[in-house]
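Understanding the architecture of this molecule
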Amino acid sequence: MKFRNKGRKIYKTKEKNYYGKSPIGKAFSIGLSVLLIGGIGFIGYSVAEPLVNYSKKTGDDKSSVSVETTADAEITSEMFPTDSNGERIANPHQSVNFETYRAAAVKENDLMSADTLKMAIDRLPTGQKIEYVEVPLKATGGRIYYSSSVPYAYQAQAYETMMSLDEIVSIIKKAGYKPVAIVSTFNDNILPVVDGQSGYITTDTGEQWIDNDYEAGGKPWASPYSQTTLNYLKSIVTEIAISGFDRIICSDFEYPHFRESDLEMLDPELAGPERQMAMTAAANLLNETILENGAKMFIEVSASELLKGYTDVLQPMLLNVNTIVLDIDLDEISNGIYAGTTVYDFGGKASDKVEKMLKLVEEDLADFNVAVRISGSSESMSEVISARDKAVDKGYSSFVIG
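Since the structure is predicted, the reported quantities are computational estimates derived from the model, not experimental observations.

Structural notes on the overall build of the chain
Secondary structure assignment for the chain yields 13 helices and 10 strands. Within the chain, the fraction of its 402 residues that count as buried is 55%. Surface exposure of the chain reaches about 17200 Å², of which carbon and sulfur atoms provide 50%.

So, the packing of aromatic side chains
Under the counting rule described, the total for this entry stands at seven aromatic pairs. Ring geometry for Tyr152 against Tyr232: centres 6.5 Å apart, planes inclined by 50°, an arrangement best described as tilted. Placement of the pair is Tyr152 in the loop between strand 2 (132–138) and helix 4 (153–156) and Tyr232 in helix 7 (residues 227–241), with a sequence separation of 80 residues. Classification of Tyr232 as buried rests on a relative accessible area of 2%. Measuring from centroid to centroid gives 6.0 Å for Tyr200 and Trp209, while their planes differ by 85°, and the two rings are edge-to-face. Owing to a relative accessible area of 1%, Trp209 belongs among the buried residues under this scheme. Here a set of aromatic residues connected by ring pairs shows up, and it is made of Tyr101, Tyr132 and Phe298.

Quick look at the pattern of salt bridges
Counting across every chain of the model gives 12 salt bridges. Between Asp312 and Arg275 there is a salt bridge whose closest N-O contact spans 2.9 Å. Residue Asp312 is located in the loop between helix 10 (303–307) and strand 6 (323–329), and its partner Arg275 is located in helix 9 (residues 274–292); the two are separated by 37 residues in the primary sequence. The class for Asp312 is buried, based on a relative accessible area of 9%. Several salt bridges converge on common partners, so that one network encompasses Glu134, Glu300 and Arg373.

Overview of the packing of helix 3 (residues 114–122) against helix 5 (residues 165–174)
Put simply, helix 3 and helix 5 touch, their axes get as near as 10 Å, and they point 30° apart. The orientation of helix 3 with respect to helix 5, classified from their angle, is roughly parallel. Where helix 3 crosses over helix 5, the handedness of that crossing is right-handed. Here Ala114, Leu117, Lys118 and Ile121 of helix 3 lie close against helix 5, whose contacting residues are Glu167, Ile168, Ile171 and Ile172. Class assignment for the residues of the contact of helix 3 with helix 5 results in six nonpolar, no polar and two charged.

Calculation rules
- Residues numbered from 1 in each chain as written.
- Predicted model: local features only at pLDDT ≥ 70, side-chain atom pairs only at ≥ 80, totals over all residues.
- Heavy atoms only, no water.
- Helix = DSSP H or I, 4+ residues; strand = E, 2+ residues; numbered from the N terminus.
- Buried < 20%, exposed > 50% of the residue type's maximum accessible area, 1.4 Å probe, protein only.
- Areas by Shrake-Rupley, 256 points an atom, 1.4 Å probe, with all protein chains shown as cover.
- Phe/Tyr/Trp six-rings, centres within 6.5 Å; stacked < 30°, edge-to-face > 60°.
- Salt bridge = Lys/Arg side-chain N within 4 Å of Asp/Glu carboxyl O.
- Axes fitted to C-alpha atoms, helices over the stretch in contact; angles between N-to-C directions.
- Parallel < 35°, antiparallel > 145°, perpendicular 65-115°, else oblique.
- Left-handed = near helix turned anticlockwise from the far one by under 90°.
- Contact = heavy atoms within 4.5 Å.
- Nonpolar A, V, L, I, M, F, W, Y, C, P; charged D, E, K, R; others polar.

Structure below.
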């Protein structure tokens, strides 16, 4: 994203000096201090989940809801659970197995009505052994594409009248598939407008940060340091999980691309390794919530963002989720990826682009089970299928088309 260099306008909120004063913010600082004092050896012993629970490049198959106002548990007991000796324990709800995950995704506009969803399912590619249909229920940017009973979510609904979760689940199951929800997390520009406490707050004035000048389309982002944001996301995934979705894929565990001038006015933790703990703790919190309500969670990451070095959530020593959906957007990478002073060119066929990207990011994903999403609208379905086949040839048997 390009930015102007001139000054920016700031949305004001009533809250002052929000950073560093919330319970979760203090928990992050305390948790990090303990880890640093203990040293790297302690981290590896106390935090790492047994490596036998991970398998590279194979798929892991394995009512009204209100936004909570009470504080969540401490980071050591809820987000990074430990036993009485301080050793990290496996999530008691996590069921690890290695069945192949084969899915296809519909678009946001396909959720406008029952008829549009049925037609979208009918258009899915046949003969690919697809078992799951993914639906984007909370999209990047914050829009909600179903009828929600969660406070704030109604204000984010794409249209005044949307289908219920029960109706979406019923349509997918009647078509012979298992329903999977896609939920964007922190790339949300709507929630911070509705409630200023959910966004990033400047430390000196207590004003709300936005990612560019207002005249240039600057927007606020939801923050993993905000208890309001975490409670909102917990309520969203709870509502979805109890409605019968088999899995929930949570995407956009990411920070804005802060500039140096941004970091000077924001919490110092955003410029250091502490931010990784904040993001993985948020992911663990949602994972625990989803598992407790009968579904399973995957995390989706952007291949292009990984190539640029944004890997905050991919901390296998801390993260309780062991399946990653890698989104390779063919439209995006076809124009090249600019990562600092390096430019990565992706020419040739779709299969060539996918093969190159997988090789470039495979080290970041080495400790996880991986499903490869091949998205974008510039390639024909036959080219997408060929690219999927290339990923399978490379050992990635789990995939998402679309």
